[in-house]
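Results of the structural survey
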Amino acid sequence: MTRSNSVDGGSNFLGEVAQRSLSRRSILRWGALAGAGAVLAPAVTACVGPSAPNGGGGATGTSTLTLGLNRSLVSLDNKLNQFDAAVTVQRAVRQALTEIGDDLKPRNVLAESFELTSPTQWTVKLRNDIKYSDGTQVAVEDVAKALEMYSQVNGSFLAPQFPEWPKVTKKDELTFTLDTKAPLPVLNTLMSNILITPAAANKPEELQEGVGTGPYKVASADRGTGTYKLVVNENYWGDKPKVAEVNVRFMSEESSRVVALRSGEVDVIDSITPDSVAQLKSVDGITVESVTGTRYNQLFYNFRKPADSPMSDPKVREALSYGFDSKSVVDGILGGTVTSAKGVVPQTLAGAVETGEYKYDPAKAKSMLADLGVSNLKVKVIWETGEFAGDVSIMEALVEMMKQIGVTAELQQFQPGGDISTWRQGKAGDWDILGNGYGNQTGLALTNLQGMYAGTAEKEATRDTYHGFVFPEISSQIITATSETDQAKSTQLLTQVQKDIWAKWPCMWAFIPNAVLARRTRVEGIKLRPINSYQLSNVSVNG
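Residues numbered from 1 in each chain as written. Predicted model: local features only at pLDDT ≥ 70, side-chain atom pairs only at ≥ 80, totals over all residues. Heavy atoms only, no water.

**Section: the packing of aromatic side chains**
- Scanning all chains against the criterion turns up 19 aromatic pairs.
- Consider the rings of Phe-300 and Phe-303, whose centres lie 5.9 Å apart with planes at 55 degrees: the pair is tilted.
- Phe-303 sits in the buried class, given a relative accessible area of 15%.
- Here the aromatic rings of Tyr-453 and Phe-469 are separated by 5.2 Å at their centres, their planes lie at 75 degrees, and the arrangement is edge-to-face. Residue Tyr-453 is located in helix H13 (residues 445-453), and its partner Phe-469 is located in the loop between helix H14 (457-461) and helix H15 (472-483); the two are separated by 16 residues in the primary sequence.
- For Tyr-453, a relative accessible area of 0% puts it in the buried group.
- You can call Phe-469 buried: its relative accessible area is 0%.
- Aromatic ring contacts, followed pair by pair, group Phe-300, Phe-303, Tyr-438, Tyr-453, Tyr-466, Phe-469 and Phe-471 into a single cluster.
- The ring of Tyr-150 has Lys-79 sitting right over it, with the charged end atom 5.3 Å from the ring centre. (Phe/Tyr/Trp six-rings, centres within 6.5 Å; stacked < 30°, edge-to-face > 60°. Buried < 20%, exposed > 50% of the residue type's maximum accessible area, 1.4 Å probe, protein only. Helix = DSSP H or I, 4+ residues; strand = E, 2+ residues; numbered from the N terminus. Lys NZ or Arg CZ within 6 Å of the ring centre and 35° of its normal.)

If you want it as structure tokens, here you go:
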């Protein structure tokens with residue numbers, strides 16, 4: 001069931017989750033901090049109990065691994081959702097032709113070979129030893145059907161990353177070509193996101209059935225609670241997984257995840273705040289993993305505003321950004337575990353360039369707004385609980401900082417699994433700023449550029465653009481860069497388009513978080529990748 005609640009100025013928040021998170025202390029704290037540029041010592045937000053000895057009677061033994069995710073795994077398909085917590089589990093059940101390795105470069109998985117054989121054609125050969133968990137053989141037709149189904153999903157996270165859908169032409173039982181109208185030199189990377197399913201069972205929606213080629217298969221699933229039980233796929237073509245059973249649990253409250261980890265109820269938790277990291281690092285039997293990530297988190301402006309709205313003016317958006325003290329947020333709330341963005345995509349991605357910095361200058365913000373004739377501006381900020389670590393505190397800070405420049409911010413928070421997707425598409429209500437994140441599973445700047453900034457009027461007609469960001473000249477530049485095979489020319493095009501996007505001021509602020517998880521030390525083999533996932537089949541559990 002969907003539920004949302006709002007607050008004006010951060011003083012009357014009615015949301016159940018928000019009531020637990022928005023405290024008078026923190027509001028006062030940010031009231032004092034806003035405008036001061038002070039560095040705030042991390043505050044303890046997670047209430048944890050003492051560690052239970054010997055695992056606390058929770059997850060024990062070497063045959064079972066229990067994961068506590070911060071977001072609900074609504075399916076093991078990724079046509080619509082690919083939030084970070086889901087990727088590891090999704091790909092343990094379903095696989096793609098390729099995957100992105102530790103070095104952020106593509107490597108073959110279901111494909112034995114994947115070669116560019118002409119500027120507009122890739123030739124692919126499937127491995128001959130792969131079967132689905134139900135024992136059926138993987139076929140070329142399954143790849144063709146998968147592309148067809150991904151292309152038909154409305155509101156897809158992945159579909160906008162493809163400038164065009166390749167055509168599959170079967171050559172023999174294992175070999176086929178992927179043909180495009182324009183050169184698509186990164187197609188082997190993009191195909192890492194297309195998970196393959198038996199053609200007869202594939203649909204243009206998130207599949208609830210769990211037939212795949214991965215090391216695990218689904219033994220039981222409760223989509224409503226986000227609880228899944230995985231067991232070894234006896235037909236898996238690769239090395240047998242080290243753990244016989246994996247239990248996946250959705251635990252929205254960070255404090256609950258921390259307590260569960262400390263007590264031994266779960267073995268691994270993800271998406272934890274610096275406060276919890278600081279606590280867990282001092283706990284015997286628990287280890288924290290961290291690596292620079294590829295996710296781009298933002299306070300993104302709504303580009304579906306009418307032309308006469310002040311928010312449609314890039315100068316207004318720029319002015320509001322000067323009113324946001326990102327350094328205090330990074331140091332005070334996020335404990336230095338994120339990097340303030342210097343461009344429109346993470347600098348960790350291939351092809352990313354620096355285009356500018358977010359600077360705090362409230363005097364300039366007020367002066368610009370006054371010069372633009374903007375007064376008594378009110379903005380509505382929406383986000384989903386758990387979109388990023390410290391989300392509520394960041395929004396509290398935003399409210400107080402906007403006050404300092406004469407802007408009233410109204411907050412509206414959505415429960416996980418609620419209807420924020422409908423709001424994001426502009427179908428449920430109006431808003432001005434969205435707390436959002438864009439996970440990158442390819443390691444390419446082009447993926448973010450294509451998915452976030454290459455909106456067209458056709459895509460906007462079905463609300464498949466990134467919050468209404470539609471600028472034909474920018475879309476054209478991105479598409480040209482995507483099909484450019486000359487590396488020097490591609491770099492030049494990518495550099496220019498990122499500068500042009502920055503000039504539109506798409507975000508009040510953006511940041512790149514580290515990928516972070518905590519595990520019990522009895523769990524080994526987790527090699528956290530920058531794309532915030534790991535190979536579940538490599539994980540082992542000691543006694």
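Once you've had a look at it, read on.
**Section: the environment of Ser-156**
- Within the fold, Ser-156 resides in the loop between helix H4 (140-152) and strand S7 (167-170).
- By relative accessible area, which is 8% here, Ser-156 ends up buried.
- In this view, Ser-156 contacts Lys-79, Leu-80 and Asp-464; residues no more than four positions away in its chain are not counted. (Contact = heavy atoms within 4.5 Å.)

**Focus: the environment of Ala-481**
- Here Ala-481 shows up in helix H15.
- Along the chain, Ala-481 and Leu-446 lie 35 residues apart, while their C-alpha atoms are 8.2 Å from each other.
- Excluding its chain neighbours within four sequence positions, the residues that come into contact with Ala-481 are Leu-446, Ser-490, Leu-493 and Leu-494.

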